[in-house]
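# Fold and contact review
As a plain string of letters, each chain reads:
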Amino acid sequence: MQFRHLAWLISGLMLGISINAQAEEAAAKSAQQTVNNVCAACHAPDGNSVITLNPKLAGQHPDYLEKQLTEFKSGKRANAVMSGMAGALSEAEMKELAIYFSSKKTALGKAKSNGAGSAGEKIYRAGNAATNVPACAACHSPNGAGLPKQFPRLSGQHADYTLAQLKAFRSGERANAPMMMAIAAKMSDAEMAAVADYIQGLR
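Residues numbered from 1 in each chain as written. Predicted model: local features only at pLDDT ≥ 70, side-chain atom pairs only at ≥ 80, totals over all residues. Heavy atoms only, no water.

Turning our attention to the nonpolar core. Ranked by size, the top nonpolar core spans 19 residues in total, and within it Tyr 124, Leu 166, Met 187, Met 192, Val 195 and Ile 199 carry the most contacts. Only α5 (119-126), α7 (159-171), α8 (178-184) and α9 (189-200) provide two or more residues apiece to this core. With five residues, the top contributor of residues to this core is α9. Contacts of Leu 166, omitting those with residues within four sequence positions, involve Met 180, Ala 184, Met 187, Met 192 and Val 195. (Core = buried A, V, L, I, M, F, W, Y, C linked by side-chain atoms within 4.5 Å. Buried < 20%, exposed > 50% of the residue type's maximum accessible area, 1.4 Å probe, protein only. Helix = DSSP H or I, 4+ residues; strand = E, 2+ residues; numbered from the N terminus. Contact = heavy atoms within 4.5 Å.)

A cluster of nonpolar side chains, namely Val 38, Val 81 and Met 85, defines an oily patch on the protein surface of about 220 Å² accessible area. With respect to the helices, strands and loops of the structure, Met 85 is situated in helix α3 (residues 80-87). (Patch = residues over 30% accessible without salt bridge, like charges linked within 9 Å, V, L, I, M, F, W, Y side chains within 5 Å. Areas by Shrake-Rupley, 256 points an atom, 1.4 Å probe, with all protein chains shown as cover. Salt bridge = Lys/Arg side-chain N within 4 Å of Asp/Glu carboxyl O.)

The positions that UniProt labels "binding site: heme c 1" (unreviewed entry) are, in the present scheme, Cys 39, Cys 42, His 43 and Met 82. A maximum C-alpha distance of 11.7 Å among these annotated residues, which run over 44 residues, shows that they cluster at one spot. What makes Cys 42 partly exposed here is its relative accessible area of 30%. For Cys 42, the contacting residues outside a window of four places in its chain are Ser 49, Ile 51 and Asn 54. Not counting residues within four places of it along the chain, the set of residues in contact with His 43 comprises Asn 48, Ser 49, Asn 54, Pro 55, Leu 57 and Met 82. (UniProt positions renumbered as here; feature names shortened; annotations may be inferred.)

Under the definition given, this model contains zero disulfides. Note on Cys 42: no disulfide assigned, nearest cysteine sulfur contributed by Cys 39 at a separation of 8.9 Å. In this structure Cys 139 is not part of a disulfide, and its nearest cysteine sulfur, from Cys 136, lies 8.9 Å away. Overall, Cys 139 belongs to the partly exposed group, its relative accessible area being 26%. (Disulfide = S-S within 2.5 Å.)

Look at helix α2 (residues 62-74) against helix α4 (residues 91-102): their axes get within 8 Å of each other, and the N-to-C directions meet at 140°. The orientation of α2 relative to α4 falls into the category oblique. Here α2 and α4 pass one another in a crossing that is right-handed. Listed contacts from α4 to Pro 62, Leu 65, Glu 66, Leu 69, Thr 70 and Lys 73 of α2 are Met 94, Lys 95, Leu 97, Ala 98, Ile 99, Phe 101 and Ser 102. For the contact of α2 with α4, the residue count by class is eight nonpolar, two polar and three charged. (Axes fitted to C-alpha atoms, helices over the stretch in contact; angles between N-to-C directions. Parallel < 35°, antiparallel > 145°, perpendicular 65-115°, else oblique. Left-handed = near helix turned anticlockwise from the far one by under 90°. Nonpolar A, V, L, I, M, F, W, Y, C, P; charged D, E, K, R; others polar.)

What the rule picks out here adds up to five salt bridges. With its nearest N and O atoms 2.9 Å apart, the salt bridge here joins Lys 67 to Glu 71. With Lys 67 and Glu 71 both in helix α2 and four residues apart, this pair spans about one turn of that helix. A residue is classified by how much of its surface remains accessible, and Lys 67, at 37% relative accessible area, is partly exposed. According to the relative accessible area criterion, Glu 71 is buried, its value standing at 8%. Where Glu 121 meets Arg 125, a salt bridge forms, and the shortest distance between an N and an O atom there is 3.5 Å. Remark: Arg 125 and Glu 121 occur in helix α5; sequence separation between them is four residues, near one turn of the helix. Several salt bridges share partner residues, and in doing so they unite Lys 67, Glu 71 and Lys 76 into one network.

Printed below as a string of structure tokens:
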């Protein structure tokens, strides 16, 4: 009787594993279809956009990606193109896309002029005490890996995109991260450009 009960338990467990695997496979196929139909033109099939004003999504924390899609849809993060794209997505599709892109490997870049010892590195690692700009590394980590659920990965991100976002935070055009709005308000154009360039080569 005990052996029969054990067999039932094992059978049930294996069935559960099989159902989960099938569900994950279906979600992956659904995400791939959405990527091909909606995302790839701007962000590339693997999330490593070659258009420098469009962000690389590959390797980004899934919680962060899902949050941004949700806020594009709600209007909390303003962007005419992305609001339209996200508006057609369900919560399940957003989650699937976030998981899909987070599983891809980020194609790292190179800084043009802000490498070791540069102004960009100094701002990223130490901030600017004179203007109360905190170190980027304090939240986004020394290697730009960020912190899941809280702060996005930055390493390898296009400098043009990062610079555009810093300016949008400063102007209030992007208003879905009050902390970043406060920080960007204290930064000069030169500081933004330098740290954006450094981030592009960060790894």
